[in-house]
Amino acid sequence: MKTLKKISICLFSTVFLFVLAVAAPKTTWAKSTVSYYETTKVTDIKEGKGSSYDRVIELPKDAVMKVTSTANSKWYKVEYQNSKQKIYKGYVASKDLQKAVTYKTTKGCNIRKAAKKSSDKVYEVSKNEKVFVVNTSNKNWYKIVYYDKDKVYRGYIASSCLKKEKASSSSSSSASTKMDVKYVATGDVNMREKATTSSKVLTVVEKGDTVHVIDTSNGKWYKAYYTNSKGVKNTGYISKKYLKKK
């Protein structure tokens, strides 16, 4: 009898554990996605999600970093690596960031310390590598940031060696490119080549004129196209605060 009781208890325990395992909800782990952003002005990495937190480090304008989480729409979790390869982690106000502009090398290219061929070589980049271009004011030499595995290199690459990477064909990108919403300029405003006030002015949109917004993913700058009174069409970026939906 005792043996039968032991067998019954063992069977009950086994069945109970099996039912518990099947009924228990499966844990889903969120995949961590990393994207690259650059600062639009001098700003700080903070220890926490708010301006009252202590500063981790001050970042210059055009500093490229990894954004590891955008769960908080106002404060992005970041990882910044300086030229000495020291890593700083914390949070940066999303209003001070924009997505980094990606180019690819068309051949083997040297990163130079200064914007000239005679300058010291920082690093040699292979063909078809991705670099982030942060300044194109010098038409011959673009200021760049390059991530190579666990190291980061900064400097200048000849513009003839670079080609702007095409937008991703993912569903989210496709959705944004299909967007075409009419907005009205609330004042005379510059349309710029890139989503930053330091970028080249393509044209001036006059107050009351209509623009067609095709991408709002930046949050602060809307990508749009605009045809002026002379029939000239330009596509560029306009600050969101100067636009109102028609």
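Residues numbered from 1 in each chain as written. Predicted model: local features only at pLDDT ≥ 70, side-chain atom pairs only at ≥ 80, totals over all residues. Heavy atoms only, no water.

Draft legend 1. Molecular detail of the overall build of the protein chain. Looking only at helices and strands, one finds two helices and 21 strands in the protein chain. Evaluated residue by residue, the protein chain yields a buried proportion of 37% over its 246 residues. Here the contacts in the protein chain between residues at least 6 apart in sequence split such that 51% fall between residues at least 24 apart. When the accessible surface of the protein chain is split by element, carbon and sulfur atoms take 51% of a total near 16100 Å². (Helix = DSSP H or I, 4+ residues; strand = E, 2+ residues; numbered from the N terminus. Buried < 20%, exposed > 50% of the residue type's maximum accessible area, 1.4 Å probe, protein only. Contact = heavy atoms within 4.5 Å. Areas by Shrake-Rupley, 256 points an atom, 1.4 Å probe, with all protein chains shown as cover.)

Draft legend 2. Quick peek at the nonpolar core. With 14 residues, the main nonpolar core has Tyr103, Ile111, Val131, Ile144, Tyr146, Ile157 and Leu162 as its most contacted residues. Among the secondary structure elements, those contributing two or more residues to this core are β8 (101-105), β9 (109-112), β11 (130-135), β12 (141-148) and β13 (151-158). Membership of the second largest hydrophobic core comes to 13 residues, among which are Ile57, Ala63, Met65 and Tyr76. (Core = buried A, V, L, I, M, F, W, Y, C linked by side-chain atoms within 4.5 Å.)

Draft legend 3. Looking closely at the state of the cysteines. Considering all chains together, one arrives at one disulfide under this definition. The disulfide bridge from Cys109 ends at Cys161, spanning 1.5 Å between sulfur atoms. Here the disulfide of Cys109 and Cys161 is left-handed, its torsion about the S-S bond being about -65°. A residue pair is termed long-range when its members are at least 10 positions apart, and Cys109 in strand β9 and Cys161 in the loop between β13 and β14 (162-164) qualify at 52 residues. (Disulfide = S-S within 2.5 Å.)

Draft legend 4. Spatial organisation of unusual backbone geometry. The backbone phi angle of Asn128 is positive, close to 65°, even though this residue is not glycine. Tracing the backbone shows Asn128 in the loop between β10 (121-125) and β11.

Draft legend 5. Highlighting the side chain of Lys66. Locating Lys66 in the fold gives a position in strand β4 (residues 64-69). In this structure, Lys66 is buried with no salt-bridge partner, the nearest side chain bearing the opposite charge being Glu79 at 4.1 Å. (Lys, Arg positive; Asp, Glu negative; His and termini not counted. Salt bridge = Lys/Arg side-chain N within 4 Å of Asp/Glu carboxyl O.)

Draft legend 6. How the structure looks around the pattern of salt bridges. Scanning all chains against the criterion turns up eight salt bridges. Here Arg55 makes a salt bridge to Asp44, at a shortest N to O gap of 3.1 Å. Taken together, the residues Arg55 in strand β3 (residues 55-59) and Asp44 in strand β2 (residues 43-46) connect sequence positions 11 residues apart. Asp44 sits in the buried class, given a relative accessible area of 16%. Salt bridges sharing partners connect three or more residues here, namely Asp44, Lys46, Arg55 and Glu58.

Draft legend 7. Just the environment of Asn72, in detail. In this structure, Asn72 sits in the loop between β4 and β5 (75-81). For Asn72 and Lys49, which are 23 residues apart along the polypeptide, the C-alpha to C-alpha distance reads 8.1 Å. Here the side chain of Asn72 touches Lys74 through a polar contact of 2.9 Å, landing on its backbone nitrogen. Of note is the side chain of Asn72, whose polar atom sits 3.1 Å from the backbone nitrogen of Trp75. (Polar contact = N/O pair within 3.5 Å; in protein donor to acceptor, adjacent residues only side chain to side chain.)

Draft legend 8. Geometry of the packing of aromatic side chains. One pass over the structure, following the stated rule, counts eight aromatic pairs. Considering the side-chain rings of Tyr123 and Tyr153, the 4.0 Å spacing of their centres and the 15° angle between planes classify their relative orientation as stacked. Of this pair, Tyr123 sits in strand β10 while Tyr153 sits in strand β13, placing them 30 residues apart in sequence. When its relative accessible area of 24% is taken as the criterion, Tyr123 is described as partly exposed. (Phe/Tyr/Trp six-rings, centres within 6.5 Å; stacked < 30°, edge-to-face > 60°.)

Draft legend 9. Representation of the environment of Thr68. Looking at the element boundaries, Thr68 is found in strand β4. The class for Thr68 is partly exposed, based on a relative accessible area of 28%. In this structure the C-alpha to C-alpha distance between Thr68 and Ser35, which are 33 residues apart in sequence, comes to 6.8 Å.

Draft legend 10. Just the environment of Lys164, in detail. On the secondary structure map, Lys164 appears in strand β14. Separated by 61 residues in sequence, Lys164 and Tyr103 have C-alpha atoms that sit 4.2 Å apart. Setting aside chain neighbours within four positions, we find Lys164 in contact with Val101, Thr102 and Tyr103.

Draft legend 11. Up close: the confidence of the model for the protein chain. Residues of the protein chain with pLDDT of at least 70 account for 82%, and the chain-wide mean is 85. Counting contacts from residues 24-32, a segment whose pLDDT is below 50, to residues more than four positions away or on other chains yields zero contacts. Considering only residues more than four positions removed or in separate chains, one finds that residues 169-177, a stretch of pLDDT under 50, has five contacts. (pLDDT = per-residue confidence, 0-100.)

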